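A structural walkthrough
So the chains spell out like this:
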Number of protein chains: 2
Amino acid sequence: MASSSAWVPVVRRPLDADQARAFAPMFKALGDPVRLRLLSMIASAGGGEVCVCDLTGSFQLTGPTISHHLKVLREAGLVDSDRRGTWVYYRLVPAALALLAGLLDVGSVAAGV
Amino acid sequence: MASSSAWVPVVRRPLDADQARAFAPMFKALGDPVRLRLLSMIASAGGGEVCVCDLTGSFQLTGPTISHHLKVLREAGLVDSDRRGTWVYYRLVPAALALLAGLLDVGSVAAGV
């Protein structure tokens, strides 16, 4: 994945069609309350990764539904996972979040807002 | 709208259900390639605003379809608009982008990635 520094914030230069097609799925993955919470739980995990068994208890949702949302986050490149024994462990892909934060960076444009 | 400084990056603290419900629609609005391009065109406009008449030419889409996507961006709080005479003019809401960028800020977590 390209580093965030390779991308110019949208306040500086418009995205072309290819760039928009590449980035939109990452934002779309974050556009669901359950996935956004899951991402935040994985991102803020103290040990750097979270067992799926520790994620399901926070939601009134079935295991397969949680797994589906985690798969969407993984396919968008926002998280990565490993199966170890019975459980799957998830961890953040920090470069992906940095890329999106870089695109949305308003810098001095936001001053005074 | 709360300033971005009111929100802790997701790498520091997980979002609760109410926060996730508040922010997910903003990410969802960005989760479409046409809307993401439109936002970037509005955000990077030299004069701070763009006439809808200057946006439609970049897409193989009808005016009503472009207007629908602009409405989604506006309802998500990412852009604002004014009707002046025949045309509607759109401008970025920088605080909204700053808020999302702040949520996704990985700071030192991304170092070395």
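This report concerns the structure included in the present document. These numbers were taken from a predicted model, which means no experiment stands behind them.

Residues and elements named next belong to chain B. Judged by pairing direction, the sheet is antiparallel, and its 3 strands sit side by side in the order S1-S3-S2 without closing on themselves. Edge strands, defined here as strands with exactly one partner in the open sheet, are strand S1 (50-51) and strand S2 (79-84). Sheet topology note: the S1/strand S3 (residues 87-92) ladder contains 2 bridges and is antiparallel. From the neighbouring strand, Val-50 faces S3, where its bridge partner is Tyr-90. The sheet strands contacting helix H2 (residues 33-43) are S1, S2 and S3, and the helix crosses S3 at an angle near 85°.

For the pair chain B and chain A, the best superposition has an RMSD of 0.0 Å and corresponds to a rotation of 180° with a translation of 0.0 Å parallel to the axis. The operation mapping one copy onto its partner corresponds to a two-fold rotation axis. Relative to the rotation axis, the C-alpha of Ala-101 of chain B is the closest in chain B, positioned 2.2 Å from it. Here 100% of the contact residues of chain B are again contact residues in chain A; the copies associate through an equivalent surface.

This paragraph deals with the pairing of S2 of chain B. Of the strand pairs in this sheet, S2 of chain B and S3 of chain B are connected by 6 bridges, and their pairing is antiparallel. When the sheet's bridge partners are listed, Arg-84 of chain B is paired in S3 of chain B with Trp-87 of chain B.

Strand pairing in a sheet relies on backbone hydrogen bonds. The paired strands run either parallel or antiparallel. Residues and elements named next belong to chain A. Pairing is antiparallel in the open sheet, where 3 strands are placed in the order S1-S3-S2. The open sheet has two free edges, formed respectively by strand S1 (50-51) and strand S2 (79-84), since each of these has just one partner strand. The sheet strands contacting helix H3 (residues 63-75) are S2 and strand S3 (87-92), and the helix crosses S2 at an angle near 125°.

It is worth spelling out the pattern of salt bridges at this point. Tallied over the entire structure, the rule returns 10 salt bridges over all chains. Glu-75 of chain A is paired through a salt bridge with Lys-71 of chain A; the nearest N and O atoms lie 3.9 Å apart. One end of the pair, Glu-75 of chain A, and the other, Lys-71 of chain A, are both in helix H3, 4 residues apart, so they sit about a helical turn from each other. Between Asp-80 of chain B and Arg-91 of chain B there is a salt bridge; the shortest N-O distance is 3.8 Å. Taken as a pair, Asp-80 of chain B in strand S2 and Arg-91 of chain B in strand S3 lie far apart in primary sequence, 11 residues in all. Here the salt bridges share partners, and the residues they tie into one network are Asp-80, Asp-82 and Arg-91 of chain A.

Cut-offs applied
- Counting restarts for each chain: residues are numbered from 1 in the order of the written sequence.
- Numbering of ligands from 1 and lettering of chains from A proceed in the order in which they are written.
- The predicted nature of this model means local features are confined to residues of pLDDT at least 70 and side-chain atom pairs, given and counted, to a pLDDT of 80 or more, with totals for whole chains, interfaces and linings taken over all residues.
- To obtain the side-chain values, all non-hydrogen atoms of the structure were included, while hydrogens and water were left out.
- The pairing criterion is simple: DSSP has to find at least two bridges between the two strands.
- Secondary structure elements are defined from DSSP: runs of H or I of at least 4 residues count as helices, runs of E of at least 2 residues count as strands, and each element is numbered from the N terminus.
- The contact definition used throughout considers only heavy atoms, calling two residues in contact when any of these lie within 4.5 Å.
- Geometry is summarised by axes, namely lines fitted to C-alpha atoms with helices restricted to the contacting stretch, and by angles between N-to-C directions that run from 0 to 180 degrees.
- Only residues with pLDDT of at least 70 in both copies contribute their C-alpha atoms to the least-squares superposition of the copies.
- What makes a salt bridge here is a side-chain nitrogen of Lys or Arg within 4 Å of a carboxyl oxygen of Asp or Glu, nothing more.

Don't take any of this as a statement about function, it's just geometry.
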